[in-house]
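Chain by chain, the residues run as shown.
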Amino acid sequence: VRLTQRRDYQFDIHFGAAIAPLLTDEPAPLGSGEGPSPDQLLAAAVGNCLSASLLFSLRKYKQQPEPITAELTVETGRNAENRLRVNTLRVVLKLGQPAAALQHLDRALASFEDFCTVTQSVRGSIEVEVHEVEDLAEVDRERLGTLADEDLRARGGAAWNRDVELMCRGVG
């Protein structure tokens, strides 16, 4: 992986000859927001790794959960030195198939996080909360509402509740 500054806070990330470079940028007012920010790239790395780990865990049992989707929320804050840090990554994983149709789902859900290299690498300094929504077609609104209530109490915000409501309606 090689980074080359394009201008200001924009960088091209090169992954080798076979992959097109990726433009990154800081959001305004620091940058112009023309590409994903480092925070978003971190979230994408964790989400991708968790999704791949869950897929691998289910495929060990010859299950086809596709398409798996992951939605991540990045929470930042100031540390003791007043420097901005990523404090929490909230991950909601959704399976493309009804939970009832997937054998050994409980086993896969119990172990897949342990095999996610990226998540386990960042967990030493960043809280990673993983919530699985097994089946959007038959989502358990009470369970999802409990997750939202717990999160709202912890964060004191409404964004998570909105995301949960969208998932309940199958929009997100």
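For every chain, the first residue of the written sequence is number 1, and numbering continues from 1 along that sequence. It should be noted that, the model being predicted, local features are given only for residues of pLDDT at least 70 and side-chain atom pairs only at 80 or more, the latter also being counted only at that level, while totals for whole chains, interfaces and linings use all residues. Calculated side-chain values reflect all of the structure's heavy atoms, with hydrogen atoms and water omitted.

Participant: Mind showing me how you'd approach the side chain of Ser57 here?
Facilitator: Elements are defined by DSSP. Helices are runs of H or I of four residues or more, strands are runs of E of two residues or more, and each kind is numbered from the N terminus. With respect to the helices, strands and loops of the structure, Ser57 is situated in helix H1 (residues 38-60). The exposure class assigned to Ser57 is buried, which follows from its relative accessible area of 5%. Accessible area is worked out with a 1.4 Å probe on protein chains only. A residue is then buried under 20% of its type maximum, exposed over 50%, and partly exposed in between.

Participant: Looking at this model, I keep getting lost on the confidence of the model for the protein chain. Mind explaining?
Facilitator: The predicted coordinates ought not to be read in detail in places where the model reports low pLDDT. Confidence along the protein chain averages 83 in pLDDT terms, with 77% of residues attaining 70 or more. Least confident of the elements in the protein chain is helix H5 (residues 159-168), whose mean pLDDT is 38; most confident is strand E2 (residues 10-14), at 98. pLDDT expresses, on a scale from 0 to 100, how confident the predictor is about each individual residue. We call two residues in contact whenever any of their non-hydrogen atoms come within 4.5 Å of each other. In the model, residues 136-144 has pLDDT below 50 throughout and makes 12 contacts with residues more than four positions away in sequence or in other chains. For residues 151-172, every residue scores under 50 in pLDDT, and the model assigns this stretch 33 contacts once sequence neighbours within four places are set aside.

Participant: Whenever I open this one, the sheet that holds strand E1 (residues 2-7) confuses me. Can you help?
Facilitator: Pairing is antiparallel across the open sheet formed by 3 strands, whose spatial order is E1-E2-E3. Because the sheet does not close on itself, it has two edges, and the strands there are E1 and strand E3 (22-24). Averaged over all neighbouring strand pairs, the angle between strand axes comes to 30°, with direction disregarded. Any two strands with at least two DSSP-identified bridges between them are counted as paired. Axis angles are defined between N-to-C directions and span 0 to 180 degrees, where every axis is a line fitted to C-alpha atoms and, for a helix, only to the segment in contact.

Participant: Help me out: how do you make sense of the pairing of strand E5 (residues 84-94) in this one?
Facilitator: Where a strand is regular, its side chains alternate between the two sheet faces. For E5, the buried fraction is high: 8 of the 11 residues fall into the buried class. In this structure, E5 lies alongside strand E6 (residues 127-133), joined through 7 bridges in parallel fashion. Bridge pairing links Leu89 to Val128 in E6.

Participant: Quick question: what am I supposed to make of the nonpolar core here?
Facilitator: For our purposes a nonpolar core is just a set of buried Ala, Val, Leu, Ile, Met, Phe, Trp, Tyr and Cys residues, chained together by side-chain atoms within 4.5 Å. Membership of the largest hydrophobic core comes to 22 residues, with the highest contact counts inside it found for Leu50 and Leu54. Among the elements that take part in this core, H1 stands out by supplying 6 residues, more than any other. Aside from chain neighbours lying at most four places away, what touches Leu54 is Ile68, Leu93, Leu95, Ala108, Leu109 and Phe112.

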